[in-house]
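Below, each chain spelled out in residue letters.
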Amino acid sequence: MSWDWHYSGEILPDLLDGLRYTLTATLLGYVIALVLGLVWTLLRRSPSRVFNQVIRWVTEFIRSTPLIPQLYFVFFVLPAWGVTIGSLTAGTITLGIHYSTYTAEVYRAGIADVPKGQWEACTALNLPRSRVWLDVVLPQAIRRVIPTLGNYLIAMFKDSPMLLAINVAELLFSAYQVGSKTLQFLEPITMVGLLFVVVSVISSILVRRLERRYATN
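Model, not experiment: these values are computed from the prediction.

Q: So what's going on with helix α7 (residues 171–182)? Residues and values would help.
A: In this model, α7 (12 residues) spans 17 Å end to end at C-alpha, consistent with the 16 Å of a helix rising 1.5 Å per residue. Of the positions making up α7, those classed as buried are Leu171, Phe173, Ser174, Ala175, Val178 and Gly179. Two or three places before Leu172, at the start of α7, stands the capping residue Glu170, its side-chain oxygen 2.9 Å from that residue's backbone nitrogen. With its phi angle positive at about 60°, Leu183 sits one or two positions after the end of α7.

Q: I'd like a rundown of empty space enclosed by the protein, residues and numbers included.
A: Scanning the model with the defined rule gives one cavity of 30 Å³ or more in all. Of the voids in this model, the largest cavity is the one considered here, and its volume is about 50 Å³. Forming the walls of the largest cavity are Trp40, Thr41, Arg44, Thr59, Arg63, Thr101, Ala104, Glu105 and Arg108. Mapped onto the lining of the largest cavity, the elements with two or more residues apiece are α1 (5–44), α2 (49–64) and α4 (87–112). A per-element tally of the lining of the largest cavity places α4 first, with four residues.

Q: Quick rundown of the layout of surface pockets? Include the residues and the values.
A: Its boundaries defined by the atoms lining it, the largest pocket holds a volume of some 230 Å³. Taken together, Phe61, Ile62, Thr65, Gln70, Phe73, Val74, Leu78, Ile85, Ile93, Thr94 and Ile97 form the lining of the largest pocket. Of all the secondary structure elements, the ones that give two or more residues to the lining of the largest pocket are α2, α3 (67–77) and α4. By residue class, the composition of the lining of the largest pocket is eight nonpolar, three polar and no charged.

What counts as what
Residues numbered from 1 in each chain as written. Predicted model: local features only at pLDDT ≥ 70, side-chain atom pairs only at ≥ 80, totals over all residues. Heavy atoms only, no water. Helix = DSSP H or I, 4+ residues; strand = E, 2+ residues; numbered from the N terminus. Expected span 1.5 Å × (residues − 1). Buried < 20%, exposed > 50% of the residue type's maximum accessible area, 1.4 Å probe, protein only. Polar contact = N/O pair within 3.5 Å; in protein donor to acceptor, adjacent residues only side chain to side chain. 1 Å grid on protein atoms, 1.4 Å probe; cavity = no way out; pocket = protein on both sides within 12 Å on 5 of 7 lines; lining within 4 Å. Points joined across faces, edges and corners; volume = space filled by probe spheres on them. Nonpolar A, V, L, I, M, F, W, Y, C, P; charged D, E, K, R; others polar.

Now the structure itself:
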């Protein structure tokens, strides 16, 4: 079996179109994961022990459940309850919610790593609670966990092929479509692997640069 360069050039636009959907789902899902993860973390700091335990159980359940059943639930089960969501939207939201439970743990570790003296100084200065979090705690906590948060972005990108399960026209789905038309899978599947490697390497470089930038501040 030899490599067909002409065929590779013909299918490249279709694969790049699939890559566009993959990046869209990954980046938007990552935003959801970052925001919702922080919400989970702050809710876990509730003075109510019962409420705290409920939030912990919810996040543990989401984190312990495989991503594909969650995708099926959102895309196939929710419509039975009158909630119909497009495949790309369902995939993006599910990715975001799933990974928010991981980013929540990252935030929690970053907040716990903020020196106790910072909290005591805020108390001594009688700063409003909002300023304590927005101006003192969160900037320090997030700076400490940027590498880990960046790693989850790359992990989410590599998990995006699972969206094929609900027919999202992402990168692997596009490769399968073009390959099934000609029964030539060597080129599309190999090109998918190369595209994933290229994007993952570029993302890793950007994360490291961001880490060095904030490490020096």
